[in-house]
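# Observations on chain architecture
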Amino acid sequence: MACRISELVIDCADPERLAAFWREVLGYAELDREADGSIQIGPPDVGFGGAQPTLVLSPSGDPRTGKLRLHVDVNATDRDQDAELERLLALGARPADVGQTGNESWHVLADPEGNEFCLLRDRLPVV
């Protein structure tokens, strides 16, 4: 038997802000709110346990130090990479420098709290 990723938990200073950003990026919906301020988002009409993992934005006062050891890669589903890059920047993402050369086929971005993620070139079908 194998495992699969069911949810990713992201510690953040402002779960509301980050949940709003990632809902727009991924086309997700809010699924749940916990008493501790955590917000779970995921695919609409599917929720937890579907083919795509949910995200849990969990409040934390701990400062981030250094480069993240894990980052998310995203692919556009309905437009080319350049158009998706424009959309992500308009949503509040910003370019991030993690030592890339400029010849990569992907774009390194940061979400509103500085968490790096990459926009890959290939378009993927909607799951």
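Everything quoted here is computed from the prediction, not taken from an experiment.

## Notes on the sheet that holds strand β3 (residues 39-42)
- With mixed pairing, the four strands of this open sheet are ordered in space as β1-β4-β3-β2. The sheet terminates laterally at β1 (7-12) and β2 (29-33), the two strands that pair on one side only. This sheet shows a mean twist of 25° between the axes of neighbouring strands, independent of strand direction.
- Sheet topology note: the β2/β3 ladder contains four bridges and is antiparallel. Opposite E30, over in β3, you have I41 as the bridge partner.
- Set on the sheet, helix α1 (residues 15-26) makes contact with β1, β2, β3 and β4 (54-59); between it and β4 the angle comes to about 165°.

## So, the packing of aromatic side chains
- Scanning all chains against the criterion turns up three aromatic pairs.
- Both rings, one in F21 and one in F117, keep their centres 6.2 Å apart while their planes meet at 65°; by these two values the pair is edge-to-face. One end of the pair, F21, is in helix α1; the other, F117, is in strand β8 (residues 116-119), and 96 residues separate them in sequence.
- Judged by its relative accessible area of 0%, F117 falls in the buried class.
- Each ring, one from W22 and one from F117, has its centre 4.9 Å from the other, and the planes form 65°; the classification is edge-to-face. In this pair, W22 is assigned in helix α1 and F117 in strand β8, connecting sequence segments 95 residues apart. Residues W22 and F117 agree in their burial class; the two are buried.
- Taken together, the ring pairs connect F21, W22 and F117 into an aromatic cluster.

## Re the environment of L68
- Relative to the assigned elements, L68 resides in the loop between β4 and β5 (72-74).
- Each C-alpha atom, one on L68 and one on D78, is 29 Å from the other, the two residues being 10 residues apart in sequence.
- Residues in contact with L68, not counting those within four places in the same chain, are N115 and E116.

## Description of the pattern of salt bridges
- As enumerated under the stated definition, the model contains six salt bridges in all.
- Of the charged contacts in the structure, one is a salt bridge between R79 and D78, with a shortest N-O distance of 2.9 Å.
- Residue R79 is classed as partly exposed on the basis of its relative accessible area, which comes to 27%.
- As a salt-bridge pair, E84 and R87 come within 2.8 Å of each other at their nearest N and O atoms. With a gap of three residues between them, E84 and R87 both fall in helix α2 (residues 81-91), about one helical turn apart.
- Look at E84 and you get buried, because its relative accessible area is 5%.
- Members of the salt-bridge network, linked through shared partners, are E16, R23, E30 and R33.

Scoring rules and cut-offs
- Residues numbered from 1 in each chain as written.
- Predicted model: local features only at pLDDT ≥ 70, side-chain atom pairs only at ≥ 80, totals over all residues.
- Heavy atoms only, no water.
- Pairing = 2+ DSSP bridges.
- Helix = DSSP H or I, 4+ residues; strand = E, 2+ residues; numbered from the N terminus.
- Axes fitted to C-alpha atoms, helices over the stretch in contact; angles between N-to-C directions.
- Contact = heavy atoms within 4.5 Å.
- Phe/Tyr/Trp six-rings, centres within 6.5 Å; stacked < 30°, edge-to-face > 60°.
- Buried < 20%, exposed > 50% of the residue type's maximum accessible area, 1.4 Å probe, protein only.
- Salt bridge = Lys/Arg side-chain N within 4 Å of Asp/Glu carboxyl O.

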